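# A structural walkthrough
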Amino acid sequence: MPLCGLIICDTMMSIQRWPEHGWTLLQLLLVASFSQAEELLCRQRGDPENPQLLKDGDIMLGGIFSFHSSWKNRWENYADKPSPLECTSLNFRGFQFAQAMRFAVEEINNSTDLLPAVSLGYKFYDTCGSIARGVRAALALANGNEVNSAPSNTSCVKPAQVLAIMGETSSSPCMAIATVIGPFHIPMISHFATCACLSDKTKYPSFLRTIPSDYYQSRALALLVKHFGWTWVGAIRTNDDYGNNGMAIFTETAQQLGVCLEYSVAVFRTDPPEKLQKIIDIIKASTAKVIVAFLSHMDMDVLIHELTHHNLTGYQWVGSESWIFDSQIAKLDRHHILDGAIGLSIPTAHVSGMREFMLDVKPLNSTNTDFFTEFWETLFSCKFKQSKSSSSSSGNQRKCTGHEDLTGVHNSFTDMSLMPIFNNVYKGVYAVAHALHRVLGCNETCNNKLQPDPFTILQHVRKIHFKTKEGDEVYFNEDGDPAAKYEIINWQPTEHGAVDFVTVGLYDASLPSDKQLNLLNKALFFAQNSKVVPVSVCSEMCPPGTRKVLHKGKPICCFDCIRCAEGEISNVTDSVTCVQCHPEFWSNERRDACVKKEIEFLSYEEIMGALLTAASLFGTFTTAFVSLIFFMHRKSPIVRANNSELSFLLLFSLTLCFLCSLSFIGQPSEWSCMLRHTAFGITFVLCISCILGKTMVVLMAFRATLPGSNMMKWFGPTQQRLSVLAFTLIQIVICIIWLTTSPPFPLKNFQELKDKIILECALGSAVGFWAVLGYIGILAILCFILAFLARKLPDNFNEAKFITFSMLIFCAVWITFIPAYVSSPGKFSVAVEIFAILASSFGLLFCIFIPKCYIILLKPEKNTKKNMMGKMIAN
């Protein structure tokens, strides 16, 4: 694809701090570039950017790596041309990534299956960790370094110098570079830039990567923290796009999982000591015992020095892939501050032949003498005679020969713990090679006459799907990301005091959400090499039976545990609400389960039911005994007096009254509910009707003795029977109406008692119930009035006096029954009703019949007609 030759302004900012100043520089570069559009000659401004490593080939690939990790600060007066950026602090990791790319290129060039007869070349640029320098390197790869790229009478366009760019390592430089080369569709494949923001194809259309997005890593870290029950954590992040975006996703996911951050601080390797000290103070003052560190390895290098200086031990560290499996970080941790750290890393990888190739470096055979000289001197701590710095070196420093042996050297360059990342570089180069293989139509040979453009390569790279020689699948999704798979790494101590990175679990984002995080059955070590999972919570977990009540103004992880109310439960830990039990259930003592409520009704088995049953049976047998006495002495004057037929009917009704009380005892059923109230109402009306008849007989008998009175003719035995029948029929009619309209029915009463179900008989129609009782009451009051009027009759035949006392007891019992019945809970209301029935029945029995039994059995001499007659005529 043709590219416009961008004109590069050489103005550099004196102090470059990414990402803030990097973006400012990028804008300056673009403005300065296009401001020269009116010139007819495409001319490069400023000094040309020369690659650190170069190899020619038929097709060129670019590489942007940080061979140095920092640069010297400079102050500009804006009057003279700025001096070139002077890089410092050689970074062996960056050179390792370059070596991995060289290995892949050499392997492809030597292959007869992939791109046969086509050689790949490369240009490697050093960014020194500077965003601005990274952008300059990208533009140099795109345009080349010719001073005059086109004559004045030709179009200022030309093909891209490289068809793809490998790198950069960090997210922020990748964002800047991808923004610049994106419009020209030059594929950029990063091996270690993980910021989720780079998945946005509207902003970064040509960016791809061979390492998973932080979107998945951040979520996995949150799941890992939640798995161990750490709901109160601190967070430290790198103050760049990698750390800020990664921590933002972690925070969002953590909040969804119920994990809270006590603090979240940002750090950058160039921060002043005062800011680092402030972070240390925050950690010391916090109560969280777990720290999630979303840091780049360079920022972790700086932070570990501060942590060591203050001896901040005892914290559980959870790390991102950038530093968790970096052996150099482990070596810097001399005070074992990070022991027991756990985090995510790229899955273990092995590429046959790569280690040997990476270690096979000779400065005397290299084209870039200055770079390899610096590399060799730093690697072996020696100086070449021709080195620019030899004059200032110590006289005791040994001289370099260029033939030093790496066999006994142990440093970050010979450390192969980053092989998974080297493999990512390797896969990125092979992805481009496979795309070229398709574009060039390679079979046994390739079409060398075809000049591919970056846009075509980009389209094919997005669609590639192949396996490396080690069996690793390589493909990109629609966002340009690979499949998200991580290993869970645990720092475990060894016998020699070193640290071993042990894989204790796996995370696979392609699996269902409940199976993505899988911890293996291996022993874990935590802070200070403890095998016990540390506790890091703002508030202890609320046990079952309680609910959480948040502290006002504090995160949701800070709360009090309040016991569930009666009738409510919580059967899970950290429940936010208590669940109301079903009406037939009640909470147990611990409030963690609903148990079936005790069903309460007046039963025969309990003491109160047994006593009432005994009293009922006693009354029944007593009445039967009285009936037997009366039957045996039915010819005696005292029995025949006052209509013996009514006396036997009264005894029969009293027997029924005693027996009907038994229908109130036992579990209510549909039939027992209808029977108890109707039987009670009818039998008592029958009883009162008999007493009323006897009372009227007494009154009529004495009034019949008056001269000219014929009242007994109108109230003889037939009239007495008819009156009893009439009074009883009225009650029967009331009961029939009640039962046909709204009869009593069994009911489970959940309201009366909280922890019990009361089985009772609902009245159905309260009007019917009170009509039955009211009718009984009317008859009882009428009977009482008549008996009261006859109380002064002669003593030798004063049955009215006993009827008066019996009705007085009857009325007193049923008047007191009403408030007692209404106020008694549950089965006690039934007991009150039974007691009222029995009390009134015993009152009638004892007051009316016991005196006669006394005369019959103990005073037979008074049981004579003469004694019974007095002033009246016997019946």
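Throughout this description, residue numbers start from 1 for each chain and increase along the sequence as written. Where local features are concerned, this predicted model is filtered to residues with pLDDT of at least 70; where side-chain atom pairs are given and counted, the filter is 80 or more; whole-chain, interface and lining totals use all residues. Side-chain numbers here rest on the full set of heavy atoms in the structure, without hydrogens or water.

## Here we look at the overall build of the chain
The cut-off we apply is this: Elements are defined by DSSP. Helices are runs of H or I of four residues or more, strands are runs of E of two residues or more, and each kind is numbered from the N terminus. Exposure classes here rest on a 1.4 Å probe applied to the protein chains alone. A residue is buried below 20% of its type maximum, exposed above 50%, and partly exposed in between. Note on contacts: a residue pair is in contact if any heavy atoms of the two residues lie within 4.5 Å. Each accessible area value is a Shrake-Rupley result obtained with a 1.4 Å probe; residue values ignore everything except the protein chains displayed when judging cover.
Secondary structure assignment for the chain yields 23 helices and 31 strands. For the chain, with 875 residues in total, the buried portion stands at 55%. Summarising the internal contacts of the chain: among those between residues at least 6 apart in sequence, 70% fall at separations of at least 24. Element-wise, carbon and sulfur atoms account for 59% of the exposed surface of the chain, whose accessible area totals about 39,300 Å².

## Overview of the packing of helix 3 (residues 131–143) against helix 4 (residues 171–181)
As a reminder, the rule being used: Simply put, an axis is a line fit to the C-alpha atoms, just over the touching stretch for a helix, and the angle between two N-to-C directions goes from 0 to 180 degrees. Helix crossings fall into two classes, left-handed where the near helix is turned counterclockwise from the far one by less than a right angle and right-handed where it is turned clockwise. Polar here means any residue other than Ala, Val, Leu, Ile, Met, Phe, Trp, Tyr, Cys and Pro, which are nonpolar, and Asp, Glu, Lys and Arg, which are charged; Gly is therefore polar.
Running from N to C, helix 3 and helix 4 cross one another at 35 degrees; their axes reach a closest spacing of 9 Å. Regarding helix 3 and helix 4, the two cross each other, and that crossing is right-handed. Side by side, helix 3 and helix 4 meet where I131, G134, V135, A138 and L139 of the first sit next to S172, P173, A176, I177, V180 and I181 of the second. In terms of residue class, the contact of helix 3 with helix 4 is made up of 9 nonpolar, 2 polar and no charged.

## Looking at helix 13 (residues 454–463)
An α-helical turn contains 3.6 residues, so any two residues separated by three or four positions project in the same direction. The criterion, for reference: In this description, one arc is meant: the one made by directions from the helix axis to the C-beta atoms. Two N or O atoms form a polar contact when they lie within 3.5 Å of each other; inside protein one atom must be a possible hydrogen donor and the other a possible acceptor, and for residues adjacent in sequence the pair counts only when both atoms belong to side chains.
Within helix 13, burial applies to P454, I457, L458 and V461. Burial along helix 13 is one-sided: seen end-on, the buried residues are contained in an arc of 100 degrees. Backbone nitrogen of F455 and a side-chain oxygen of the N-cap are separated by 3.1 Å at the start of helix 13; the cap is D453.

## Some remarks on the pairing of strand 20 (residues 485–493)
Consecutive side chains along a regular strand alternate between the two faces of the sheet. Definition in use: Should DSSP find at least two bridges between two strands, the strands are regarded as paired.
Buried residues dominate strand 20, accounting for 7 of its 9 residues. Relative to strand 20, strand 17 (residues 342–345) runs antiparallel, the two being bridged by 4 bridges. Bridge pairing links I342 to N490 in strand 20. As judged from the 9 bridges shared by strand 20 and strand 21 (residues 499–508), these two strands associate in the antiparallel manner. Residue pairing for strand 21: I489 is matched across the bridge by T503. Counting the residues that bridge the hairpin from strand 20 to strand 21 gives 5 residues, and of these G497 lies at a positive phi of roughly 85 degrees.

## So, the packing of aromatic side chains
Heads up, the condition is: Two aromatic rings from Phe, Tyr or Trp, using only the six-membered ring of Trp, form a pair when their centres are within 6.5 Å; if the ring planes differ by under 30 degrees the pair is stacked, by over 60 it is edge-to-face, and anything between is tilted.
With the rule as written, the count across this model stands at 34 aromatic pairs. With a centroid separation of 5.5 Å and 80 degrees between ring planes, the pair formed by F228 and F526 is classed as edge-to-face. Taken together, the residues span a long stretch of sequence, with F228 in the loop between helix 5 (214–227) and strand 13 (232–238) and F526 in the loop between strand 22 (517–519) and strand 23 (546–550) at a distance of 298 residues. Overall, the relative accessible area of 12% leaves F228 in the buried class. Ring pairs connect the aromatic residues F65, F67, F92, F95, Y122, F124, F375 and F413, which therefore count as one cluster.

## Some details on the side chain of T127
Relative to the elements of secondary structure, T127 occurs in the loop between strand 7 (120–126) and helix 3. For T127, a relative accessible area of 0% translates into the label buried. A polar contact of 2.9 Å, which involves the side chain of T127, links it to the side chain of S66. If near-sequence neighbours (up to four positions away) are discounted, T127 is found in contact with I64, F65, S66, R133, G134 and E168.

## Quick notes on a nonpolar patch on the surface
In plain terms, the rule: Here, patches come from residues exposed beyond 30% relative accessible area and free of salt bridges, joined within 9 Å for like charges and within 5 Å for nonpolar side chains (Val, Leu, Ile, Met, Phe, Trp, Tyr). The working definition used for a salt bridge is a side-chain nitrogen of Lys or Arg within 4 Å of a carboxyl oxygen of Asp or Glu.
Together, F625, L628, F631, M632, Y854, L857 and L858 make up a nonpolar patch on the protein surface, roughly 770 Å² of accessible area in all. No other element matches helix 14 (residues 607–632), which puts 4 residues into the nonpolar patch. You can see L628 is positioned in helix 14. Note on L628: relative accessible area 45%, which makes it partly exposed.

## So, the nonpolar core
What counts is decided by this rule: Among buried residues, those of type Ala, Val, Leu, Ile, Met, Phe, Trp, Tyr and Cys that are joined through side-chain atoms within 4.5 Å constitute a nonpolar core.
Among the nonpolar cores identified, the biggest contains 129 residues, and L115, I236, W317, W323 and F375 are the most heavily contacted of them. Top contributing element to this core by residue count: helix 12 (residues 419–439), with 13 residues. Not counting residues up to four positions away in its chain, the partners in contact with L115 are I108, L120, A433, L436, H437, L440, C442 and C446. Judged by nonpolar contacts, the second largest core, of 65 residues, contains V724, L779, L786 and V830.

## Observations concerning the pairing of strand 30 (residues 745–749)
With 5 bridges connecting them, strand 30 and strand 31 (residues 756–762) associate as antiparallel partners. Looking at the pairing, N749 lines up with I758 of strand 31. Hairpin remark: strand 30 followed by strand 31, antiparallel, with 6 residues in the connecting loop.

## Thoughts on the sheet that holds strand 31
Taken together, 3 strands build an open sheet; the order of strands is 29-31-30 and the sheet is mixed. Since the sheet does not close on itself, it has two edges, and those belong to strand 29 (598–600) and strand 30, each with one partner. With strand direction ignored, the average angle separating the axes of adjacent strands in the sheet is 25 degrees.

## Things to note about the environment of K123
Among the secondary structure elements, K123 is positioned in strand 7. With a relative accessible area of 16%, K123 lands in the buried category. Residues K123 and Q161, 38 residues apart in the sequence, show an inter-C-alpha distance of 9.8 Å. Look past the residues within four positions of K123 in its chain and what remains in contact with it is P51, L53, L54, M60, L61, G62, G63, L141 and Q161.

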